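Survey of secondary and tertiary structure
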Amino acid sequence: MGSGAVLGLIAVIVSAMLLASMPMATAKLYGDANGDDVIDEADTTYVWQIIADVEEENELADANRDGEINARDATYIAGIISGENPFPGGTLIAGLGRDPGKQYGYGAHPSLTGVYEQLVWIDYELEPQPMLATSWKVSADGKVWTFYLKEGVKFHDGTPFNAETAKQNFERLDAEEPGQLGPLESIDVVDDYTIQFTHSEPFAPFVRQLSWPFMSMISPDAVDEDRNVLEAIGTGPYEVVEYSPDDKLVLARNEDWWGGMPKLEGMTLRCIPDANSRAMSLETGEIDLIIDTGGVLPEYAGTLDADPEIEVLTRLIATSHFLILNSGKTPFNDTRARQAVQYAIDQETIVDTILEGYGLPGKGALTPALAKWVNTDIAVKYGTNEAEQLLSDSGWGDIGGDGILDKEGQPFEVRLLLHSGMIGRWPYEAIAEVIQSELNDVGIKADIQVLAGGAWSTALKDGKYEMAMTPYTPLGPHFMLYDWFNSEGDMNLMRGMCYNNSRVDELTELGKATMDQDERNEIYVELQAIVAEEVPMFPIYYEEMINAQRSNVRGFEPHPWFWINWEEIYSTT
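The numbering scheme is per chain: residues are counted from 1 as the chain's sequence reads. Side-chain atom pairs in this predicted model are given and counted only at pLDDT of 80 or more, local residue features only at pLDDT of at least 70, and totals for whole chains, interfaces and linings cover all residues. Excluded from the side-chain calculation are hydrogens and water; included are all heavy atoms of the structure.

Glancing now at the overall build of the chain. In this text, helices come from DSSP runs of H or I with a minimum length of four residues, and strands from runs of E with a minimum of two, each type numbered from the N-terminal end. Check the secondary structure of the chain and you find 17 helices and 21 strands. Rg of the C-alpha trace for the chain: 26 Å, near the compact-globule value of 25 Å for 573 residues, within the 12% margin. For the chain, the proportion of its 573 residues judged to be buried stands at 54%. Contact between two residues is taken to exist if any of their heavy atoms lie within 4.5 Å; hydrogens are not considered. Intrachain contacts of the chain at a sequence separation of at least 6 include 68% that bridge at least 24 residues. The globule rule is 2.2 Å times the number of residues to the power 0.38, and the radius of gyration it is compared with is taken over C-alpha atoms. Each residue is assigned to one of three classes by its accessible area relative to the maximum for its type, calculated with a 1.4 Å probe on protein chains only: buried under 20%, partly exposed between the two thresholds, exposed over 50%.

Following this line, the structure appears as structure tokens:
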């Protein structure tokens, strides 16, 4: 038998062992003595009342499930509360519109699965908070960042997490994505639980940069010499049991997690690309909850909300949905043509009708979820008169009398590209049809084309398009404003926008090197005003994420960057 076959057989055996050891769903929430779907001190009191014949016996009061209700059950409940005893949280099945195992090539999406953790995470107010770091400081000149790490943390394979393993991860990340850690000069281990990053110049977004899920810590033994992730082994509250690409990811709780015993015993994340199938699966009870951005399309929210066994959950999140205009190609190499497109599209009507009110009309490049950085002077732009005047000023006219504008013998015809994987998560097709109709009203002929993910990405990168729709979820202002609008920004290049403005380049460079937040905010306010005027892209709407859960689910709180708080979630049945 060859070495590859041996490794494959070992993988199958290990997977089978993990599946066998994964806790099975408990039928009831044992320990919830008073039946309020919560296990707390009131349940301990209730057990004592049963023992004293003040309250009647019930099955859930038998917390240790030995067939008797006595003082040992009160003690066991106290152990559940303290984390010494496992919480009887059962298992759940969640549906989402993308494969939770493909993102970043890590075998498990960090924020959706709870498998991985970073030094820093972004909280519910989108502010950086310690995760595997306990604290950090930056030198007076803004060049040296020192992070103090949690002690006693282990990866799922037992490897200790410390400054040395963190350094190995960041060296890999810097090689994988040069520049994402800033103008890095060195990474140094100060002691077992202190790591230091030295930059050649100040890099203000550094802490937010570390909260990007790409910055997750992975066991050194799970990565090969070519930086490929061989196994999904992190430090998080859940570990991978089984993964079937484009189907499901099965997870079990990490009982040695540094944060205590997670409540949920395990869960299965199912990839259900079709929005209707996701909604129907929740209605029939085939799945327990729908998670993630684009989880529930607006058209299904009302039906789900009318079901007494289902609760619809909403939250304004950091995701915006943009229309990109290729500034390097006729007709959108003329700023006035780009401005005309924005004025022609009625974003408020799109939100009110297609989105059924779930969302906000787009204004500037930064989502209102990052409120403290937003230029509030930027308003929604809509007006067919303004659109027609801009087109006329830039030399377009209906020469042939067919309703389509012409210039120098060429009709104003463009393509609007859609990504096939996105139209099952957001109502992009319906929005595109509205855009198509509204552009037609001002003399622009737009053809809608749906491309598979790879073809869509290639077309954009190569600049072979005029318009495209895309979502984007920044962790902070640098992610949006530098990456999309600096002439060398990653997203500007990857999406073939060809946007180039020397003042914007200057401001984006200043923004990342300015440590004073007030000064940095002023820089970003000016920057947003410029790109709002020049319109290389603009937000059609800011997303109000719609998720949903069945009545047996407790503890789920939607996060604006779709971090799922799996350690707090549990099932009551």
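After that view, the rundown keeps rolling.
Once that is clear, we can look at the sheet that holds strand β5 (residues 144–149). The strands that make up a sheet pair up through hydrogen bonds in the backbone, lying either parallel or antiparallel. Any two strands are treated as partners once DSSP identifies two or more bridges connecting them. As summarised here, the arrangement of the four strands in space is β4-β5-β7-β6, forming an open sheet in which the pairing is antiparallel. Every interior strand has two partners, whereas the edge strands, β4 (133–138) and β6 (184–191), have only one. This sheet shows a mean twist of 20° between the axes of neighbouring strands, independent of strand direction. In this structure, β5 lies alongside strand β7 (residues 194–199), joined through five bridges in antiparallel fashion. Across the sheet, residue Thr146 finds its bridge partner in β7, namely Gln196. Between the N-to-C directions of two axes lies an angle of 0 to 180 degrees, each axis being a line fitted to C-alpha atoms and, for a helix, fitted only over the stretch in contact.

With an omega dihedral of 10°, the bond running from Thr330 to Pro331 counts as a cis peptide bond. Along the chain, Pro331 falls in the loop between β12 (310–325) and α9 (335–344). With a phi angle near 65°, Tyr104 is a residue other than glycine that sits in the positive phi range. Residue classification places Tyr104 among the partly exposed positions, given a relative accessible area of 25%. We note that Asp292 has phi near 85°; this positive angle belongs to a residue other than glycine.

Another point: the nonpolar core. In this text, buried Ala, Val, Leu, Ile, Met, Phe, Trp, Tyr and Cys residues form a nonpolar core when linked through side-chain atoms within 4.5 Å. Core analysis: the biggest nonpolar cluster contains 127 residues, and Leu119, Phe147, Phe170, Phe485 and Trp566 have the highest contact counts within it. Sort the elements by how many residues they give to this core and β12 lands first, with six residues. Leaving out residues up to four positions away in the same chain, Phe170 has contacts with Leu119, Leu181, Ile187, Ile195, Phe197, Leu210, Met215 and Met217. Among the nonpolar cores identified, the runner-up in size contains 15 residues, and Ala279, Ile287, Ile310 and Ile546 belong to it.

Let us now look at the pattern of salt bridges. In the sections that follow, a salt bridge refers to a side-chain nitrogen of Lys or Arg positioned within 4 Å of a carboxyl oxygen of Asp or Glu. Evaluation of the coordinates by the stated rule reveals 21 salt bridges. Here Arg425 makes a salt bridge to Asp292, at a shortest N to O gap of 3.5 Å. Taken together, the residues Arg425 in the loop between β16 (413–419) and α12 (428–441) and Asp292 in the loop between β11 (289–290) and α8 (298–306) connect sequence positions 133 residues apart. Of the two residues, Arg425 and Asp292, both sit in the buried class. One salt bridge connects Asp447 with Lys445, and the closest N-O pair in it is separated by 2.9 Å. For Lys445, a relative accessible area of 32% corresponds to the partly exposed category. If you follow the salt bridges from partner to partner, you end up with Asp66, Glu68 and Arg72 in one network.

What follows covers the packing of helix α16 (residues 502–513) against helix α17 (residues 517–534). For any two helices packed against each other, one specifies the inter-axial angle together with the distance between the axes. Following both chains from N to C, one finds α16 and α17 inclined at 155°, their axes separated by 9 Å at the closest point. Judged by the angle between their axes, α16 and α17 are roughly antiparallel. The handedness of the crossing between α16 and α17 comes out as left-handed. Contacts from Arg503, Val504, Leu507, Thr508, Leu510, Gly511 and Lys512 in α16 reach Arg520, Ile523, Tyr524, Glu526, Leu527, Ile530 and Val531 in α17. Each residue belonging to the contact of α16 with α17 can be placed in one class, and the counts come to eight nonpolar, two polar and four charged. Note on terminology: angles under 35 degrees are roughly parallel, angles over 145 are roughly antiparallel, angles of 65 to 115 are roughly perpendicular, and the others are oblique. Two helices cross in a left-handed way if the nearer one is turned anticlockwise from the farther one by less than a right angle. They cross in a right-handed way if the turn is clockwise. In this count, Pro and Cys sit with the nonpolar residues alongside Ala, Val, Leu, Ile, Met, Phe, Trp and Tyr, while Asp, Glu, Lys and Arg are called charged and the others, Gly among them, polar.

Time to look at a negative patch on the surface. Like-charged residues within 9 Å of one another, or nonpolar side chains (Val, Leu, Ile, Met, Phe, Trp, Tyr) within 5 Å, are grouped into patches, provided each residue has over 30% relative accessible area and no salt bridge. What sets the accessible areas is the Shrake-Rupley method with a 1.4 Å probe; for residues, cover comes only from the shown protein chains. Residues scored as charged are limited to Lys and Arg (positive) and Asp and Glu (negative), so that His and the chain ends carry no count. For charged residues, the charge sits on one atom: NZ in Lys, CZ in Arg, CG in Asp, CD in Glu. A surface patch of like charges, here negative, comprises Asp516, Asp518, Glu519 and Glu522. Secondary-structure assignment places Glu519 in helix α17. The class of Glu519 is partly exposed, set by a relative accessible area of 47%.

Take Pro205: it is sitting in the loop between β7 and α6 (206–210). In this structure Pro205 comes out as buried when scored by relative accessible area, which is 3%. Excluding anything up to four places from it in sequence, Pro205 contacts His478, Lys512 and Arg520.

Examined against the element boundaries, Gln342 turns out to sit in helix α9. Taking relative accessible area as the criterion, Gln342 reaches 3% and is therefore assigned buried. Those residues within four positions of Gln342 in sequence are excluded, and the remaining contacts are Lys363, Lys381, Ala532, Val535 and Phe538.

Across six bridges, the pairing between β6 and β7 is antiparallel. Each bridged residue has a counterpart across the sheet, and for Leu184 the counterpart in β7 is His199. As consecutive antiparallel partners, β6 and β7 are separated by two residues.

Take Asp505: it is sitting in helix α16. With no salt bridge to any partner, buried Asp505 finds its closest opposite charge in Lys512, at an N-O distance of 10 Å. Not counting residues within four places of it along the chain, the set of residues in contact with Asp505 comprises Phe485, Asn486, Ser487 and Asn500.

Now for the packing of α9 against helix α11 (residues 384–393). Two numbers describe how α9 lies on α11: the axes approach to 8 Å, and their chain directions differ by 165°. Judged by the angle between their axes, α9 and α11 are roughly antiparallel. Relative to α11, the crossing made by α9 is left-handed. Across from Arg336, Gln339, Ala340, Tyr343 and Ala344 in α9, the residues of α11 making contact are Thr384, Glu386, Ala387, Leu390, Leu391 and Asp393. Each residue belonging to the contact of α9 with α11 can be placed in one class, and the counts come to six nonpolar, two polar and three charged.

Function cannot be inferred from these measures alone, as they are strictly geometric.
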